[in-house]
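Summary of structural features
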Amino acid sequence: MVLRKTFDLVFSYLLCAYVESNYGVKIVDNGYRDIVIAIKPSIPHNDMIHVKIQEMMKEASSFLHRATKNRLYFSDVKILLPSTWPVNSSSVQGSTTQSYEKADVIIAEPHPLHGDTPYTLQYGGCGEKGRYIHLTPNFILNDSLVPVYGKIGWSFVHEWAHLQWGVFNEYDDQVPFYRSGDGSIEATRCSKEVKGSYKGCRNDKMTGLPDRDCKFNPDKNQTASVSIMYIQGLENVVEFCNDKTHNTEAPNRQNTMCNCRSTWDVISTSEDFRNISSPHTGSVIPTLTFLQAKDRVLCLVLDVSGSMTLENRTLRLRQASEIFLLQVVETRSRVGIVTFSSNAEIKTQLKKIDDDRMRKELVQLLPMSANGGTNICAGIRSGFEVLRGDDRATSGDEIVLLTDGEDDKISDCFTEVEHSGAIIHTIALGPTAAKELEQLSVKTGGLQFAATDKVDTNGLIDAFTGLVSGNGDISQQSIQLESSGRSVDGGSWFNGTVAIDKTVGNNTHFVLTWEDGIPDVFVRDPSGKIYSNSDFDMDDIVHTARLEIDGTAQTGTWTYSIMNPGNTQKVTITVTSRAADEKVPPVTVNAKITRKDSTGPVIIYVEVSQGFLPVLFAKVTIIAELPNGLTDEQELLDDGSGADNIKNDGVYSKYFLKTTEHGRYNFKVRVEGKEGSAKMANRTDGNAMYIPGYTINGIIHTNPPRPPVSVEDSVAQIGDFSRVKSGGALSIPPGTPVVNFAPCRVTDLQATILNDEIELQWTAPGADLDQGTASYYEMRMSDKLLQLRDSFSGAELVNLTNLKPRSFGSKETFKIIAKNAGLRNRTMLYFALRAYDEKDQSSEMSNIARISVFVPLPKEPKGSHVLHSIWIAVVVAVIVCLIVGITDHVVKKKCKSKRLPEAVAVYRQVATI
């Protein structure tokens, strides 16, 4: 029993590790292997991309090896070419489990706002892996971009650090300058030893800091060798900032997300380094393998054992599979069908889907009856036989495996599965499906779904509609706009709406399913036209009704009304569509479920975007089917609190804590956007720095500014939209401990000086991460930033006795009278806090908020008095600098004529409150 529990816990970890993505990347003998760089199908063929990728990875491998102190390099890289590109078959292999959707690096069209700037999409917190690196063909091919980004291989390493190690930028476009603890104005950078000159600088009258037109132009030749996460384009910058060189004061994302830890501290303590015993001394030249994607080849392997007669499962399987064959699987795909019980039967060999006629032929071969036992391996082996029908191999092909039964011999074919090169997607139907089922997906990089016998969430249909191709050609993918179901009493109505936006509308289907009697259905388009039963294709045997909208469906809100004339029965409706214009990306939804280990919290991330642009202010709801048959709905947030790491980045997040029962949890995402509230935005994190210019021998040589890009010119206006998508499944095995979590970390603590008060604001955490209400807060302050980080309890306590915490997500505000804070002789003050639950469990320390203590120039009568005060300030500042400079050579340098504005600003801000 103990051994079994241990196995279950390990399996749970493996399952979650897959769900976290980055499938396939591993380290062998200090080298990263199975890195996938995929080219989007819409990119025109260009043989030079092959050449430049090879140059980039060779340069990146050498640079990575040096930056990691000879520990790591790129050993094996696979380049996935689109199926439409002409290639030399002798030098290009067929793809296996690789796909555009799972690639570590994608080469695609420019981001509408970033242009050709390399960037990494990051969902998680410090130390958590990112989603993918995005490079453009122009970035790879155009050598003229080297001055603004640096060497292409060096930029790749900058992005790899985001992706693989979860570190963040050490510059910040939003806060390019700050006031340090000694009162000096500094460019936001790491390390502070990076030298440079300023251009176009005027100080803001209220803050004393340079305005947004001011640019810091680093010296071309540096004595400092760090840091790659600040600027990757300088010859001397070949290391990551470490504890000795890290600039903890800089208001950058790295300090905020990683609690002022250096990038090297995060990197060197990662799992990658724990698996390395010694430096690598051999060759660091990577091996590149070119692969080519192909049209889908897949086989439906469907359970028809006796248990499939329960809960109408066989009928529901037929209904869901029909939707997949008629509406989801892409044209030019090859599809076969296998059924299995105690033995397997090939219903059809591969058939190429060229038209609707072939789709309907396949539908007629779907099962309608069930009996016998469950032999999953027999089904898989027959599926492999079908897949070999096109090229005598299974490599890169797919199996969709659905079962509701237990099978204690499923592990007999694990070795065959691993060696097949095929991808197996699994659908667990009902509560007793084989516990080891998902291992087939884990071993092959497939998707994992589960569906209960409850119809309210339409889980089985959602699983099949989620089986879209991963080839990156989004214009050909089916998009689910609506999926809903319920038990409807006789004589009652089932009503709802679905919004069809401008980005979709082609190949639009409304599909109704029922159990017993045909319902009366009415669909009304935005112009008032009504479709009724006579407009639907009715199938009274399979209990489905299908309405296909001619041409491109009208934009706007469609309504549906379904009346059940007979006995109480379960009714579902599903609406799917495709892109309206292949040149305009549709709004898409991608869900990611993560769990670090068997005792960590489950985190759900949902990315809503149009192409590469995030969509903000949508209503995103996660619907979870629990093992006990109940459902749980929670709204996900994009406000930077709780599980959400970055505010307004189009990634909506939430901790999911209702995992107290063992079994499978199935997730579904519903997204609604309203015209005037949902809108586009720009992601600001994970970008390689666009270097404004260099200073050479004291002379600034500027680079061309970034090309201006208008969002309105790049994307269609969305209007109202709706999306529904399966979020996949998660398994919690027996014996998994139930954990009481502490409050989540506060990440948005802010401190502001208002007249004679210091105002502190933050978003309230929960008692259990982002749920409930914390019991109390502990706030500390110090004039030494690192005291808070390294010795929080030793810093000065702020009395919050009278502040009763509010529920999660609420705004907390607390004010301190400035003179009571002991600030009279301080120029900087730092604040941080912890939250506690009823068991005195503490959250992690919050981000550190700072204030720069200063008194603005006193009000003077109009005329010469103001000018007189300013000149006095300048004279005093210069005298102070000269006196200090006699004994401090560094400060003396700051008093040169070109730094007089800074000296004035220092004088203005050093005054006490």
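Residues numbered from 1 in each chain as written. Predicted model: local features only at pLDDT ≥ 70, side-chain atom pairs only at ≥ 80, totals over all residues. Heavy atoms only, no water.

1. Brief notes about unusual backbone geometry
Put simply, the rule reads: Secondary structure elements are defined from DSSP: runs of H or I of at least 4 residues count as helices, runs of E of at least 2 residues count as strands, and each element is numbered from the N terminus.
Following cysteine 190, the chain continues into serine 191 via a peptide bond in cis, with omega recorded as 0 degrees. With respect to the helices, strands and loops of the structure, serine 191 is situated in the loop between strand 11 (185-187) and strand 12 (196-199). The phi angle at asparagine 70 is positive, at roughly 65 degrees, despite the residue not being glycine. By the element assignment, asparagine 70 lies in the loop between helix 2 (47-67) and strand 4 (73-74).

2. Focus on helix 2
Quick reminder: α-helices carry 3.6 residues per turn. Residues three or four places apart thus point the same way. Note the threshold: Multiplying 1.5 Å by the residue count of a helix minus one yields the expected span of that helix. Throughout this description, buried means an accessible area under 20% of the type-specific maximum (1.4 Å probe, protein chains only), exposed means over 50%, and partly exposed covers the range between. In the analysis that follows, any N or O atom pair within 3.5 Å is treated as a polar contact, provided that within protein one partner can donate a hydrogen and the other can accept it, and provided that, for residues neighboring in sequence, both atoms belong to side chains.
With 21 residues, helix 2 extends 31 Å between its outermost C-alpha atoms, agreeing within 8% with the 30 Å of an ideal straight helix rising 1.5 Å per residue. Among all positions of helix 2, only Ile49, His50, Lys52, Ile53, Met56, Met57, Ala60, Ser61, Phe63, Leu64, His65 and Ala67 are buried. Capping the start of helix 2, asparagine 46 holds a side-chain oxygen 2.8 Å from the backbone nitrogen of methionine 48, two or three residues further along. Phi for lysine 69, located one or two positions after helix 2, is positive at around 60 degrees.

3. Describing the sheet that holds strand 45 (residues 811-817)
Keep this limit in mind: Pairing between strands is defined by DSSP: at least two bridges between them are needed. Only the contacting stretch of a helix is used when fitting its axis, a line to C-alpha atoms as for every element, and angles between N-to-C directions run 0 to 180 degrees.
Pairing is antiparallel across the open sheet formed by three strands, whose spatial order is 41-42-45. Each end of this open sheet is capped by a strand with a single partner; those strands are strand 41 (750-754) and strand 45. Mean inter-strand twist for the sheet, computed between neighbouring axes without regard to direction, equals 25 degrees. Pairing of strand 42 (residues 757-763) with strand 45, which is carried by seven bridges, proceeds in the antiparallel orientation. Counterpart to tryptophan 762 in the pairing with strand 45 is glutamate 812.

4. Side note on the packing of helix 9 (residues 313-328) against helix 10 (residues 356-363)
To keep things clear, this is the line we draw: An angle below 35 degrees is read as roughly parallel, one above 145 as roughly antiparallel, one from 65 to 115 as roughly perpendicular, and any other as oblique. For any helix crossing, the convention is left-handed if the near helix is rotated counterclockwise from the far helix by under a right angle, and right-handed if that rotation is clockwise. Note on definitions: a residue-residue contact is assigned when non-hydrogen atoms from the two residues lie within 4.5 Å.
Direction vectors running N to C along helix 9 and helix 10 enclose 160 degrees, while the axes themselves pass 9 Å from each other. Put simply, helix 9 runs roughly antiparallel to helix 10. Classified by chirality, the crossing of helix 10 by helix 9 is right-handed. For the pair helix 9 and helix 10, the contacting residues are Arg318, Glu322, Leu325, Leu326 and Gln327 in the first and Arg359, Lys360, Leu362 and Val363 in the second.

5. Here's the deal with the packing of aromatic side chains
Two aromatic rings, taken as a pair, are described by how far apart their centres are and by the angle between their planes. Stated precisely, the cut-off is as follows: For Phe, Tyr and Trp, rings pair up if their centres lie within 6.5 Å, where Trp contributes its six-membered ring, and each pair is then called stacked (planes under 30 degrees apart), edge-to-face (over 60) or tilted (otherwise). Our definition puts a charge over a ring when NZ of Lys or CZ of Arg is within 6 Å of the ring centre and also within 35 degrees of the ring normal.
Going through the model one piece at a time under the given rule, you end up with 24 aromatic pairs. Ring centres of tryptophan 165 and phenylalanine 273 lie 6.4 Å apart, and the angle between their planes is 55 degrees; on these two criteria the pair is classed as tilted. One end of the pair, tryptophan 165, is in helix 5 (residues 152-165); the other, phenylalanine 273, is in helix 8 (residues 271-274), with 108 residues separating them in the sequence. On the accessibility criterion, tryptophan 165 (1% relative accessible area) is buried. Classification of phenylalanine 273 as buried rests on a relative accessible area of 12%. Through successive ring pairs, a cluster of aromatic residues spans Tyr32, Phe74, Phe156 and Trp160. The ring of tryptophan 264 carries lysine 69 above its face, with NZ or CZ at 5.1 Å from the centroid.

6. Here's the deal with the state of the cysteines
We apply this condition: Here, two cysteine sulfur atoms that lie within 2.5 Å of each other are counted as a disulfide.
Taken as a whole, this structure holds four disulfides when the rule is applied. Disulfide partner of cysteine 190: cysteine 241, at an S-S distance of 2.4 Å. One disulfide, between cysteine 190 and cysteine 241, carries an S-S torsion of -120 degrees and so falls in the left-handed class. With cysteine 190 in the loop between strand 11 and strand 12 and cysteine 241 in the loop between strand 13 (215-218) and helix 6 (253-257), this residue pair connects regions lying 51 residues apart in the sequence. As far as the burial class goes, cysteine 190 and cysteine 241 line up, both buried. With its sulfur 1.9 Å from that of its partner, cysteine 201 forms a disulfide with cysteine 214. Here cysteine 201 and cysteine 214 share a disulfide; its torsion about the S-S bond, 60 degrees, makes the bridge right-handed. Placement of the pair is cysteine 201 in the loop between strand 12 and strand 13 and cysteine 214 in the loop between strand 12 and strand 13, with a sequence separation of 13 residues.

7. Topic: the pairing of strand 42
Strand 42 sits mainly inside the fold: five of its seven residues count as buried. Joining the antiparallel neighbours strand 41 and strand 42 is a turn of two residues, in which asparagine 755 adopts a positive phi near 55 degrees.

8. A closer look at the sheet that holds strand 19 (residues 423-429)
Strand order in this open sheet of six strands is 17-16-15-18-19-20, and the pairing throughout is mixed. Only two strands of the sheet have a single neighbouring strand rather than two, namely strand 17 (344-352) and strand 20 (448-451). Taken over all neighbouring pairs, the strand axes of this sheet differ in orientation by 15 degrees on average, direction set aside. Alignment of strand 19 against strand 20, held across four bridges, turns out to be parallel.

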